[in-house]
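Structural overview
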Amino acid sequence: MKIGTMDQATHRVVIVGAGFGGLECTRALSGLPVTVTVVDQRNHHLFQPLLYQVATTSLATSEIAWPIRHLLRKRKNTTTLLGTVTGIDVENRRVLFDDGGSVGYDTLVLATGARHAYFGHDEWEPFAPGLKTLEDATTIRRRILLAFERAERESDPEKQRALMTFVVIGGGPTGVELAGTIAELARDTLVGEFRNIDTRTTRVVLIEAGPRILAGFKPELSAYAKQALEKLGVTVELGNSVTECAADGVVFGGKHLAAGAIIWAAGVAASPAAEWLHAKADKAGRILVEPDLTMPGHPEIFAIGDTALVRWEGDRNVPGIAPAAKQQGKHVAETIKARLAGESSPRPFKYRHAGDLATIGKRAAAIDFGWMKLKGRLAWWIWGIAHIYFLIGLRNRIAVMLSWLWIYVSGQRSARLITQIDRHEDLTGAG
Ligand SMILES: Cc1cc2nc3c(=O)[nH]c(=O)nc-3n(C[C@H](O)[C@H](O)[C@H](O)COP(=O)(O)OP(=O)(O)OC[C@H]3O[C@@H](n4cnc5c(N)ncnc54)[C@H](O)[C@@H]3O)c2cc1C
């Protein structure tokens, strides 16, 4: 592309993915003399950091997701398209859809995120769903609630115990958050509602292959998180990876553990964007981009967020978190703006890391700002305020605050609906 000769009136920017990176890029392009087309396979932008709260009945789906079309309604230079991208015609500069359609671009921004990965064991997915979409969250919610319902009808104590055992695989922030909240659901919310089971005897087992949970945090925060989880009744198993996942449980460290529901929080892989471009990628499928976030040899194609591998301070990679994707989205928009103004030299991206956060139930959190570490209630409040701040729209901020306040005061979680039971999950467990 002749960067310095971009035709300002008709320059077409196509952004694939309206997650954190894509949306931020779209916003930052507002007012520029370009036409923007935002393509997403879903009609909503999802606030993934609170997805575990939908999976564990604390929040409703509509509290953490917003229609993309509505979010972009005031951006007159922007068109929103619902569609699944399956390829890129780099030669002719067209984005290709699964239904045979296509859209042309002058500049392409790939912000298609990541999906969960089973380290070569995709056959585990039906038994151990991961958490990435609203559908994943409601599937997990359904499985947790169904396990309690089935335990209530079960007369064999051994089977009952198995049904009331929940296994979370992966001790990163999502695994820690899920395990803590399932324990609270069992020990707080559901108590007294069943007649044949005591939900306080529920077992929640968090399995982490490494030597500590929250491996990205400082060791003392990992130790604190483990202690806080154990206080909530979670069993933390370290140092053994899961070698088998099946309908009735998992095998780890040579032991079989029967379970009523299994949740996968152990690994992610990038979207297949690298395959679409035949671009170089790392083992997790992330496109190896240039320092200015473009694909090597193609200054007209940018890849950002979870689907790109971006170097940070020499030997480290920019982490796969929302603020990183947003910063990259903004950087790309600024680069496009600079190119429109006639600048042609590459503009390297500089990442600013604010910190790492994870909650443990409704009263504790661990925060690692690098220069300061925080844990306990104060950390929880900072975590809560940060998440409310980053939610979109006043209505959702108020709704989430009220839901949390209600849980805090009463222990009750309102989003306890079992929906879309499939044949394999009926009450008898048959299928
Ligand atoms: C459960 C969970 C908890 C998390 N917690 C935190 C947290 O606490 N803090 C934090 O900072 N980060 C957290 N993250 C990570 C954070 O959400 C991601 O780093 C961030 O979403 C990456 O932004 P992105 O724009 O790259 O991709 P995403 O936000 O994932 O957006 C990708 C978009 O691309 C669309 N898309 C994908 N493929 C296609 C296709 N083929 N065609 C069309 N559209 C497509 C998707 O529908 C999606 O809208 C969490 C992630 C998960 C899954």
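Residues numbered from 1 in each chain as written. Predicted model: local features only at pLDDT ≥ 70, side-chain atom pairs only at ≥ 80, totals over all residues. Heavy atoms only, no water.

Before going further, it helps to spend a moment on empty space enclosed by the protein. A probe matching the size of a water molecule, rolled over the atoms, marks out where space remains unfilled. Enumeration over the complete set of coordinates arrives at one cavity of 30 Å³ or more. Counted as a void, the largest cavity has a volume near 130 Å³. Lining the largest cavity we find 14 residues, and of these Q53, G361, K362, W380 and R413 sit closest to its centre. Of all the secondary structure elements, the ones that give two or more residues to the lining of the largest cavity are helix 2 (51-55), helix 6 (173-189), helix 10 (377-390) and helix 11 (394-410). Top contributing element to the lining of the largest cavity by residue count: helix 11, with three residues. (1 Å grid on protein atoms, 1.4 Å probe; cavity = no way out; pocket = protein on both sides within 12 Å on 5 of 7 lines; lining within 4 Å. Points joined across faces, edges and corners; volume = space filled by probe spheres on them. Helix = DSSP H or I, 4+ residues; strand = E, 2+ residues; numbered from the N terminus.)

Let us look at the confidence of the model for the protein chain. This prediction gives the protein chain a mean pLDDT of 93; 96% of its residues lie at or above 70. For residues 1-5, every residue scores under 50 in pLDDT, and the model assigns this stretch 11 contacts once sequence neighbours within four places are set aside. Predicted confidence for residues 427-431 stays below pLDDT 50, and this span has 10 contacts to residues more than four positions away or in other chains. (pLDDT = per-residue confidence, 0-100. Contact = heavy atoms within 4.5 Å.)

All right, on to the sheet that holds strand 6 (residues 85-89) then. Strand order across the open sheet formed by three strands is 6-7-8, with antiparallel pairing between neighbours. Whereas interior strands pair on both sides, the edge strands pair on one side only; in this sheet they are strand 6 and strand 8 (102-104). Here the strands of the sheet are splayed against their neighbours by 20° on average, with no regard to which way each runs. In this structure, strand 6 lies alongside strand 7 (residues 94-97), joined through four bridges in antiparallel fashion. Bridging from a neighbouring strand, G87 pairs with L96 of strand 7. (Pairing = 2+ DSSP bridges. Axes fitted to C-alpha atoms, helices over the stretch in contact; angles between N-to-C directions.)

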